[in-house]
Amino acid sequence: MTDLDILTLRTAYDNQLRPEIPDPVPAGVTVERDGPLVRISGLDAGGFITYRDLGGLTGDALDELIVRQVRLCRERGESAEWKLNEHDEPADLADRLRAAGFVAEDRETVVVGPVAPLAAALPVIPEGVRLREVTSRADLERIAAMEEEVWQEDRSHLVWGLAKEIDADPHSITVVVAEVDDTVVSAGWVRCPANTGFATLWGGSTLPQWRRKGIYRALVTYRARLADQRGRTLMQVDCSEDSRPILQRLGLVAVTTTTPYVYTP
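Residues numbered from 1 in each chain as written. Predicted model: local features only at pLDDT ≥ 70, side-chain atom pairs only at ≥ 80, totals over all residues. Heavy atoms only, no water.

- Labelled according to an unreviewed UniProt entry, the chain appears under the name GNAT superfamily N-acetyltransferase, originating from Micromonospora jinlongensis.

Rendered as structure tokens:
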């Protein structure tokens, strides 16, 4: 793939998916605007700061914008994640976030690619594994328990966050579990943002003893077929270094990286 092709995919990602605002907005979720920023609260463990671009802000004006987010975090006693993409401007934005007290978490790679080849791939579901679409709170709690075992941290926000999205529009998000007998061994969800040609993949955590068996790949192709059925032509994933090689072998292309910068009061 040429640099021009990659630029085209990145431009589609910027223009169609950013800023990342739920539509419709689930009950109990607030969306606030501050200049070029959009701040979302009530959908995750903390707030989420998103934007398409910063409108050319630099210097003192940019610092003041960042400080206002810090002030809100302190007033509300709420953490906030500022999603910084590698190609965002200005070039010193990461330095300014760190100076204001934001802390970088693990960097991920943003991959984008066509849905059709993935949807047409022959499904290969590992023996003994069942994929199932779920909506019940009990199943969401089982997913959170699996993720807590994987990551050794509280994931209860997944239960009420996903439940809010499903209640707001069950056609815009589908949650899929991979089960062995009565055990959830992996899970992922696909979102189909309104007024875009994209489907976006999330989750994908797998219990350590069930890795390298093709379960993650099976979840990806299953969700690609769901995306294809809903008329989506492009797929996007923020992926870890563990899942990036699998997604690239499936035809997705790295267009940028993204780093969560988190402020905790």
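Picking up after the structure, the text goes on.
**Brief notes about the pattern of salt bridges**
Note on pairing: side chains with opposite charge can pair once their charged atoms come close.
Next, step 1: In this structure the tally under the stated criterion is 22 salt bridges.
Next, step 2: One salt bridge in this structure joins Asp 34 and Arg 68, with 2.8 Å as the shortest N-O distance. Remark: Arg 68 occurs in helix 2 (residues 59–76) and Asp 34 occurs in strand 1 (residues 30–34); sequence separation between them is 34 residues.
Next, step 3: A relative accessible area of 28% places Arg 68 in the partly exposed class.
Next, step 4: In this structure, the salt-bridge partner of Glu 64 is Arg 71, at a minimum N-O distance of 3.9 Å.
Next, step 5: Taking the relative accessible area as the measure of exposure, Arg 71 reaches 38% and is therefore partly exposed.
Next, step 6: One continuous salt-bridge network, built from bridges that share partners, spans Arg 130, Arg 132, Asp 139, Arg 142 and Glu 179. (Salt bridge = Lys/Arg side-chain N within 4 Å of Asp/Glu carboxyl O. Helix = DSSP H or I, 4+ residues; strand = E, 2+ residues; numbered from the N terminus. Buried < 20%, exposed > 50% of the residue type's maximum accessible area, 1.4 Å probe, protein only.)

**Let's talk about the packing of aromatic side chains**
Next, step 1: Within the structure shown, the criterion is met by three aromatic pairs.
Next, step 2: For the pair Trp 82 and Phe 102, a centre-to-centre distance of 6.1 Å together with 80° between the ring planes defines the contact as edge-to-face. Placement of the pair is Trp 82 in strand 4 (residues 80–85) and Phe 102 in the loop between helix 3 (93–99) and strand 5 (103–104), with a sequence separation of 20 residues. For the pair Trp 82 and Phe 102, a shared accessibility class is recorded, and that class is buried.
Next, step 3: A network of ring pairs unites the aromatic residues Tyr 51, Trp 82, Phe 102 and Tyr 263 as a single cluster.
Next, step 4: Above the ring of Trp 202, the side-chain terminus of Arg 191 is found at 5.1 Å from the ring centroid. (Phe/Tyr/Trp six-rings, centres within 6.5 Å; stacked < 30°, edge-to-face > 60°. Lys NZ or Arg CZ within 6 Å of the ring centre and 35° of its normal.)

**Describing the pairing of strand 4**
Next, step 1: Most of strand 4 sits inside the fold, with five of its six residues counted as buried.
Next, step 2: Relative to strand 4, strand 3 (residues 47–50) is paired through three bridges, and the arrangement is parallel. What sits directly across from Ile 49, in strand 4, is Trp 82.
Next, step 3: On the question of chirality, the crossover connecting strand 3 to the parallel strand 4 by way of helix 2 is right-handed.
Next, step 4: Across six bridges, the pairing between strand 4 and strand 12 (residues 253–263) is antiparallel. (Pairing = 2+ DSSP bridges. Right-handed = clockwise from strand over helix to strand, strands pointing away.)

**Observations concerning the domain arrangement of the chain**
Next, step 1: Its domain assignment divides the chain into domain 1 (17–108) and domain 2 (112–256).
Next, step 2: If you average the C-alpha positions of domain 1 and of domain 2, the two centres end up 25 Å apart.
Next, step 3: Here domain 1 and domain 2 share an interface that buries about 1,400 Å² over both sides, 59% of which is from carbon and sulfur atoms.
Next, step 4: The largest share of the area that domain 1 buries against domain 2 comes from Leu 17, Leu 43 and Glu 108, three residues that together contribute 40% of it.
Next, step 5: Our count for the domain 1 to domain 2 interface comes out at one salt bridge.
Next, step 6: The residue Lys 83 makes a salt bridge to Asp 238 at a minimum N-O spacing of 2.7 Å.
Next, step 7: There are four residue pairs in polar contact (both at pLDDT 80 or more) connecting domain 1 and domain 2.
Next, step 8: Of the residues in the side of domain 1 that touches domain 2, the class split is seven nonpolar, four polar and six charged. (Domains from an automatic or database assignment. Buried area = accessible area lost by both parts, 1.4 Å probe. Polar contact = N/O pair within 3.5 Å; in protein donor to acceptor, adjacent residues only side chain to side chain. Nonpolar A, V, L, I, M, F, W, Y, C, P; charged D, E, K, R; others polar.)

**Observations regarding the UniProt feature "domain: N-acetyltransferase" (unreviewed entry) in the chain**
Next, step 1: Mapped onto this structure's residue numbering, the UniProt feature "domain: N-acetyltransferase" (unreviewed entry) falls at residues 129–265.
Next, step 2: Helix makes up 35% of residues 129–265 and strand 35%, whereas the separation of the span's terminal C-alpha atoms amounts to 42 Å. (UniProt positions renumbered as here; feature names shortened; annotations may be inferred.)

**Side note on helix 2**
Residues three or four positions apart in an α-helix share a direction because the helix packs 3.6 residues into each turn.
Next, step 1: Over its 18 residues, helix 2 extends 26 Å from the first C-alpha to the last, a length consistent with the 26 Å expected when each residue adds 1.5 Å.
Next, step 2: Taken residue by residue, helix 2 has Leu 62, Leu 65, Ile 66, Gln 69, Val 70 and Cys 73 as its buried positions. All buried residues of helix 2 project into a common sector of 135° when viewed along the axis, lining one side. Opposite the buried face of helix 2, by more than 90 degrees, sit the exposed residues Asp 60, Arg 74 and Glu 75.
Next, step 3: As for helix 2, its buried residues are in contact with strand 1, strand 2 (37–41), strand 3, strand 4, helix 3 and strand 12.
Next, step 4: Remark: Gly 77 follows helix 2 within two positions and exhibits a positive phi of approximately 60°. (Expected span 1.5 Å × (residues − 1). Arc of directions from axis to C-beta. Contact = heavy atoms within 4.5 Å.)

**Notes on unusual backbone geometry**
Next, step 1: For the bond running from Arg 18 to Pro 19, omega is -5°, close enough to zero to count as cis.
Next, step 2: Take Pro 19: it is sitting in the loop between helix 1 (3–17) and strand 1.
Next, step 3: At the junction of Asp 23 and Pro 24, the peptide bond is cis and its omega measures out at 5° in the coordinates.
Next, step 4: Looking at the element boundaries, Pro 24 is found in the loop between helix 1 and strand 1.
Next, step 5: Although it is not a glycine, Gln 152 adopts a positive phi angle of roughly 55°.
Next, step 6: Note that Gln 152 resides in the loop between helix 5 (137–151) and helix 6 (157–168).
Next, step 7: Even without a glycine there, the phi angle at Asp 181 is positive, about 55°.

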